Amino acid sequence: MLIKKCLKCGATVEVYNDCNCEDCGMVCCGEKMTALVPNLSDGAVEKHLPLVEKDGEIVKVTVAHPMDEKHYIEAIILDAGVHQIKRALKPGDEPKATFPYVKGSTIYSLCNKHGLWSIDVL
Ligand SMILES: [Fe+2]
């Protein structure tokens with residue numbers, strides 16, 4: 001999964017087929033968008049890393065992050081390879097999601113200020 005962000009305006013996009021040209025790339029606000037790499041932000045790990053609880057054939061995901069107007073989790077995403085499920089969130093929502101249990105999948109949380117975080121589902 002590839003997510004890019006504009007570091008000027010904060011626009012975020014999911015990329016299905018990235019530009020491979022040497023001198024261009026996806027541009028927003030006149031600059032190349034930055035690929036988000038999970039778990040590299042300076043944000044607090046305990047507020048961003050998805051907490052995953054397996055319950056039979058489902059996983060319950062919680063992110064212990066505030067959902068303020070200007071700082072919130074934008075999405076929680078299950079990436080199971082060819083299948084993805086996204087729970088889109090907005091300020092005031094509870095940062096929770098329920099997905100089918102898929103062994104070996106990855107669950108991401110996307111903070112509008114602190115980027116992408118991920119944890120593998122065992
Ligand atoms: Fe954050």
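Since this is a predicted model, take the numbers as computed values, not measurements. Along every chain, residues carry numbers that run from 1 in the direction the sequence is written. Under the rules for a predicted model, residues below a pLDDT of 70 receive no local features and side-chain atom pairs below 80 are neither given nor counted, while totals for whole chains, interfaces and linings still include all residues. Each side-chain value is worked out from all heavy atoms of the structure, with water and hydrogens disregarded.

1. Considerations on the overall build of the protein
Put simply, DSSP H or I for four residues or longer makes a helix, DSSP E for two residues or longer makes a strand, and each gets a number counted from the N terminus. Within the protein one finds one helix and twelve strands. The order of helices and strands in the protein, counted from the N terminus, is β-β-β-β-β-α-β-β-β-β-β-β-β. Two things to know: the radius of gyration comes from C-alpha atoms, and the globule rule equals 2.2 Å times the number of residues to the power 0.38. Here the protein has a C-alpha radius of gyration of 15 Å; the compact-globule value for 122 residues is 14 Å, and the two agree. Expressed along its principal axes, the backbone C-alpha trace of the protein runs to roughly 50 × 35 × 20 Å. The cut-offs for exposure are 20% and 50% of the maximum accessible area for each residue type, with area from a 1.4 Å probe on protein chains only; residues under the lower value are buried, those over the upper are exposed, and the others partly exposed. Buried residues in the protein amount to 35% of all 122 residues. In the protein, 49% of the contacts between residues at least 6 apart in sequence involve partners at least 24 apart. If you average the places of the 14 positive and of the 17 negative side-chain charges in the protein, the two averages end up 3 Å apart. We call two residues in contact when some of their heavy atoms are within 4.5 Å. His residues and chain termini do not enter the charge count, which takes Lys and Arg as positive and Asp and Glu as negative. We put the charge of a Lys on NZ, of an Arg on CZ, of an Asp on CG and of a Glu on CD.

2. Regarding the sheet that holds strand E1 (residues 2-5)
In space, the three strands of this open sheet follow the order E2-E1-E5, with antiparallel pairing throughout. Of all the strands in the sheet, just strand E2 (12-15) and strand E5 (34-35) have a single pairing partner and so form its edges. In this scheme, strands are said to pair when DSSP sees at least two bridges between them. Relative to E2, E1 runs antiparallel, the two sharing four bridges. The residue of E2 that forms the bridge with Leu2 is Val15.

3. Notes on the coordination of the iron ion
The protein atoms donating to the iron ion are His48 (NE2), His65 (NE2), His71 (NE2), Cys111 (SG) and His114 (ND1), with metal-donor distances spanning 2.1 to 2.4 Å. Looking at His71, the relative accessible area reads 18%, which means it is buried. Note on His114: relative accessible area 21%, which makes it partly exposed. Shown as donors are all N, O and S atoms within 2.8 Å of a metal ion, widened to 3.2 Å for Na, K and Ca; because water is not in the atom set, sites may appear incomplete.

4. Remarks on the pattern of salt bridges
Salt bridge, as used here, is a side-chain nitrogen of Lys or Arg placed within 4 Å of a carboxyl oxygen of Asp or Glu. For the coordinates displayed, the defined rule picks out five salt bridges. In this structure, Lys8 and Glu31 form a salt bridge, with 3.4 Å as the shortest nitrogen-oxygen distance. Pair noted here: Lys8 is in the loop between E1 and E2 and Glu31 is in strand E4 (residues 31-32), with a separation of 23 residues, a long-range link. Since its relative accessible area comes to 43%, Glu31 is described here as partly exposed.

5. Let's talk about unusual backbone geometry
A positive phi angle, near 55°, is found at Cys29, a position not held by glycine. Mapped onto the secondary structure, Cys29 falls in the loop between strand E3 (27-28) and E4. By relative accessible area, which is 42% here, Cys29 ends up partly exposed. The backbone of Asn39 shows a phi angle near 65°, a positive value even though the residue is not glycine.

6. A word on the nonpolar core
Nonpolar side chains in soluble globular proteins generally cluster together in the buried interior. Nonpolar cores are built from buried Ala, Val, Leu, Ile, Met, Phe, Trp, Tyr and Cys residues. Side-chain atoms within 4.5 Å join them into one set. Core analysis: the largest hydrophobic core is formed by 14 residues, its most contacted members being Val59, Val61, Ile73, Ile76, Phe99 and Ile107. Looking at this core, the elements that each hand over two or more residues are strand E7 (58-62), strand E8 (73-80), strand E10 (96-100) and strand E11 (106-111). Of the residues forming this core, the biggest block, three residues, is contributed by E8. Residue contacts for Ile107: discarding those within four places in its chain leaves Pro50, Val52, Val59, Val61, Ile76, Ile77, Leu78, Phe99, Trp117, Ser118, Ile119 and Val121. Judged by nonpolar contacts, the second largest core, of seven residues, contains Ile3, Leu36, Ala75 and Leu110.

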